[in-house]
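The primary structure of each chain is shown beneath.
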Amino acid sequence: HVQPVESGGGLVQAGDSLRLSCAVSGRTVSSYAMGWFRQAPGKEREFVAVIGGRGRTTFYADSVKGRFTISRDNAKNTVYLQMNGLKAEDTAVYYCAIARVSYPTSQSYEYDFWGQGTQVTHSS
């Protein structure tokens, strides 16, 4: 059973940083792209960032570019999302997902396995 499990969410203030982690069990993910998506209250789920299978290529949503960094440790079967300069609009449930392809993709239909999500809340 393939299961991504996110951790690291929490309550933040303007400008804070958080690092989300996603540990995967049940499958070696080194051949697959892994992505982060988020869903804010009342909104549809949206793409945040993706990293290719070998970790050489990354791609970000414009809204997080320059603030968020995605990375992976294939030896640990884990992907990370470093979030700096957090804003109120970053409040959402963040989901980790495993793609069925190795190239970085922002299309959710190309992802087979999803975690349960971790909440990031900006306290205003």
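Residues numbered from 1 in each chain as written. Predicted model: local features only at pLDDT ≥ 70, side-chain atom pairs only at ≥ 80, totals over all residues. Heavy atoms only, no water.

A closer look at the overall build of the protein
So, point 1. A tally of regular secondary structure across the protein gives 0 helices and 11 strands.
So, point 2. Relative to the compact-globule value of 14 Å for 124 residues, the protein shows a C-alpha radius of gyration of 13 Å, a close match.
So, point 3. In terms of overall dimensions, the protein has C-alpha extents of about 40 × 25 × 25 Å along its principal axes.
So, point 4. Burial analysis of the protein (124 residues in total) assigns 44% to the buried set.
So, point 5. Counted over contacts in the protein with a minimum sequence separation of 6, partners at least 24 positions apart contribute 57%.
So, point 6. Positive and negative charge centroids in the protein, built from 13 and 10 side chains respectively, lie 7 Å apart. (Helix = DSSP H or I, 4+ residues; strand = E, 2+ residues; numbered from the N terminus. Rg over C-alpha atoms; globule rule 2.2 N^0.38 Å. Buried < 20%, exposed > 50% of the residue type's maximum accessible area, 1.4 Å probe, protein only. Contact = heavy atoms within 4.5 Å. Lys, Arg positive; Asp, Glu negative; His and termini not counted. Charge placed at Lys NZ, Arg CZ, Asp CG, Glu CD.)

A short note on unusual backbone geometry
So, point 1. Even without a glycine there, the phi angle at Asn77 is positive, about 55 degrees.
So, point 2. Of note, Asn77 is situated in the loop between β7 (68-73) and β8 (78-83).

Details of the nonpolar core
So, point 1. Counting residues in each nonpolar core, the largest one holds 35 residues, and the members touching the most others are Met34, Trp36, Leu81, Met83 and Tyr94.
So, point 2. For this core, the elements supplying multiple residues, two or more each, are β3 (18-25), β4 (34-39), β5 (46-51), β7, β8 and β9 (92-99).
So, point 3. If you tally residues by element for this core, the top one is β9, at 6 residues. (Core = buried A, V, L, I, M, F, W, Y, C linked by side-chain atoms within 4.5 Å.)

Considering the sheet that holds strand β1 (residues 3-7)
So, point 1. In space, the 4 strands of this open sheet follow the order β1-β3-β8-β7, with antiparallel pairing throughout. Where the open sheet ends on each side, the last strands, each with one partner, are β1 and β7. Ignoring which end each strand starts from, the neighbouring axes of this sheet average 15 degrees apart.
So, point 2. Bridge analysis of β3 against β8 gives 6 bridges, and the strand direction is antiparallel. (Pairing = 2+ DSSP bridges. Axes fitted to C-alpha atoms, helices over the stretch in contact; angles between N-to-C directions.)

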